[in-house]
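Coordinates in review
Below, each chain spelled out in residue letters.
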Amino acid sequence: MTIQNLAFEWTDTNREWLIENPIRIAAYILLALVVRYAIHRVIDRATRPRSREGGRTRGASLIRGFRSKTPTTERSAQIAARRAQRAATIGSVLKSTVSIVLLVWVVLSVLSVLGVNIAPFIASAGIVGLAIGFGAQNLVRDFVTGVFMLLEDQYGVGDIVDLGEAIGEVETVGLRVTTLRDIDGTLWYVRNGEIARVGNMSQEFAVARVDVPVAPGADIDKAQRVAAEAARLAVEQDDTDILGAIEMLGVQEVSSEKVVLRLTVKTMPNGQWAVQRRLRRVILQAFVENSIDLPYSRAWAGFMEPVGS
């Protein structure tokens, strides 16, 4: 028997392993790569902002489909950063999920081509998945909670939020951890799965609540008029963060030492604290100018010189 005949006979006998199986395996791998590339392109188009004519940037179509709680009056740069981070994080999760699903499909298909019984592998995968689910349930809860936080737009970069143990400005929003910096500069890392409730002080609008004290024997009606007029004049001079009119609510608290008057005004998100400080200052100055007694010693008046003195 010649070498050619021997090679032909051996090749014909083992054609399934030398030709058919490698071609089928290569076809499965190629198909998975093509599908992965196509789906990733679709996800990128849905989650990445695209440029339009004139240099303007169009937001990601996926995020535009969600109801955003970010006010249109907010700074455009902050809105863009918030939406871009939401889109990038959601896109990363979707692409990772697609890659894992396709990888599992390719492995099972290759094993099936090689004649391996994949039923035990599927059963083992279910048991392993169940074990991982129990062992890493906190991690899974963090990721699931993070996904829903992003989809529901509960908070974003730049928002001032109250997460229970930590209150501050959000710096990053991830699937597992949210970081925020408090007023003292401390950077807090909060696991998403541990967040039971979120108080967002930066969505849609805020309310500046100003409590000003007067002495128990002061003329309350006059104090209310003076406080409301001083606040109104201050708002007219600078209404950058103001969204509504001054509302004098009246007496909020009464004690043997003081009577607390409260007024409110609707403001831009994150602008309520600056408005509160400004209104407190002008109201206290107006009280000194109009001889309205404060619930402190007379020495207090020396620190509040009338405007123009």
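Everything discussed here concerns the structure shown above.
Residues numbered from 1 in each chain as written. Predicted model: local features only at pLDDT ≥ 70, side-chain atom pairs only at ≥ 80, totals over all residues. Heavy atoms only, no water.

1. Looking at the overall build of the protein
For the protein, the count of helices and strands is eight helices and ten strands. Counting every position in the protein, which comprises 309 residues, the buried fraction comes to 32%. Within the protein, contacts between residues at least 6 apart in sequence are counted, and of these 61% link residues at least 24 apart. Carbon and sulfur atoms make up 58% of the accessible area of the protein, which totals about 19,200 Å². (Helix = DSSP H or I, 4+ residues; strand = E, 2+ residues; numbered from the N terminus. Buried < 20%, exposed > 50% of the residue type's maximum accessible area, 1.4 Å probe, protein only. Contact = heavy atoms within 4.5 Å. Areas by Shrake-Rupley, 256 points an atom, 1.4 Å probe, with all protein chains shown as cover.)

2. Here we look at the sheet that holds strand β7 (residues 199-200)
Reading across the sheet, the five strands line up as β6-β5-β4-β3-β7 and stay open at both edges, with antiparallel pairing between neighbours. For this open sheet the edge positions go to β6 (187-191) and β7, each flanked by a neighbour on one side alone. (Pairing = 2+ DSSP bridges.)

3. Some remarks on the pattern of salt bridges
Using the criterion set out here, one finds nine salt bridges in the structure. Put simply, Arg232 and Glu229 hold a salt bridge, and the shortest N to O gap is 2.3 Å. Note that Arg232 and Glu229 are positioned in helix α7 (residues 220-237) at a spacing of three residues, about one turn of the helix. Take Glu229: its relative accessible area is 35%, and that puts it in the partly exposed class. Here Glu236 makes a salt bridge to Arg232, at a shortest N to O gap of 2.5 Å. Here Arg232 and Glu236 lie together in helix α7, a separation of four residues that amounts to about one turn. The exposure class of Glu236 is exposed, given its relative accessible area of 53%. Linked by salt bridges that have partners in common, Arg141, Asp142, Arg191 and Glu194 make up one network. (Salt bridge = Lys/Arg side-chain N within 4 Å of Asp/Glu carboxyl O.)

4. Quick look at the nonpolar core
With 26 residues, the main nonpolar core has Val214, Leu263, Leu279, Ile283, Phe287 and Ile292 as its most contacted residues. Of all the secondary structure elements, the ones that give two or more residues to this core are β8 (206-214), α7, β10 (259-267) and α8 (272-289). In contact with Val214, not counting residues within four places along its chain, are Ile220, Ala223, Lys258, Val259, Leu261, Phe287, Ile292, Asp293, Leu294 and Pro295. Counting 13 residues, the second-largest nonpolar core is a separate cluster that includes Ile90, Val161, Val173 and Leu180. (Core = buried A, V, L, I, M, F, W, Y, C linked by side-chain atoms within 4.5 Å.)

5. A word on the sheet that holds β8
Taken together, three strands build an open sheet; the order of strands is β8-β10-β9 and the sheet is antiparallel. With partners counted over all chains shown, the strands left at the sheet margins are β8 and β9 (247-254), one partner each. Going across the sheet, the axis of each strand differs from the next one's by a mean of 25°, ignoring polarity. Sheet analysis places β8 next to β10, joined by nine bridges and oriented antiparallel. (Axes fitted to C-alpha atoms, helices over the stretch in contact; angles between N-to-C directions.)

6. As for unusual backbone geometry
Glycine aside, a negative phi is what most residues show, and trans is what most peptide bonds show. Of note in this structure, Glu204 is not a glycine but carries a positive phi near 70°. Along the chain, the position of Glu204 falls in the loop between β7 and β8.

7. What about the environment of Val161?
Within the element layout of this structure, Val161 appears in strand β3 (residues 160-162). Each C-alpha atom, one on Val161 and one on Ser202, is 7.5 Å from the other, the two residues being 41 residues apart in sequence. When near neighbours in sequence (up to four residues on either side) are disregarded, Val161 contacts Tyr155, Ala166, Ile167, Gly168, Val170, Leu180, Gly199 and Asn200.

8. Topic: the packing of aromatic side chains
With the rule as written, the count across this model stands at one aromatic pair. Measuring from centroid to centroid gives 5.5 Å for Tyr28 and Trp105, while their planes differ by 85°, and the two rings are edge-to-face. Here the residue Tyr28 occupies a position in helix α2 (residues 15-47), and Trp105 occupies one in helix α4 (residues 76-113), the gap between them amounting to 77 residues. The ring of Phe205 has Lys266 lying over it, and the distance from NZ or CZ to the ring centre is 4.2 Å. (Phe/Tyr/Trp six-rings, centres within 6.5 Å; stacked < 30°, edge-to-face > 60°. Lys NZ or Arg CZ within 6 Å of the ring centre and 35° of its normal.)

9. Considering the layout of surface pockets
Summary: where empty space remains is shown by rolling a probe the size of a single water molecule over the atoms. Space inside the second largest pocket adds up to approximately 270 Å³. As for the second largest pocket, its lining consists of Ile160, Ile167, Gly168, Glu169, Arg181, Asp182, Ile183, Met201, Asn270, Trp273, Ala274 and Arg277. Of all the elements in the fold, those that place two or more residues in the lining of the second largest pocket are β4 (167-173) and α8. Split by residue class, the lining of the second largest pocket holds six nonpolar, two polar and four charged. (1 Å grid on protein atoms, 1.4 Å probe; cavity = no way out; pocket = protein on both sides within 12 Å on 5 of 7 lines; lining within 4 Å. Points joined across faces, edges and corners; volume = space filled by probe spheres on them. Nonpolar A, V, L, I, M, F, W, Y, C, P; charged D, E, K, R; others polar.)

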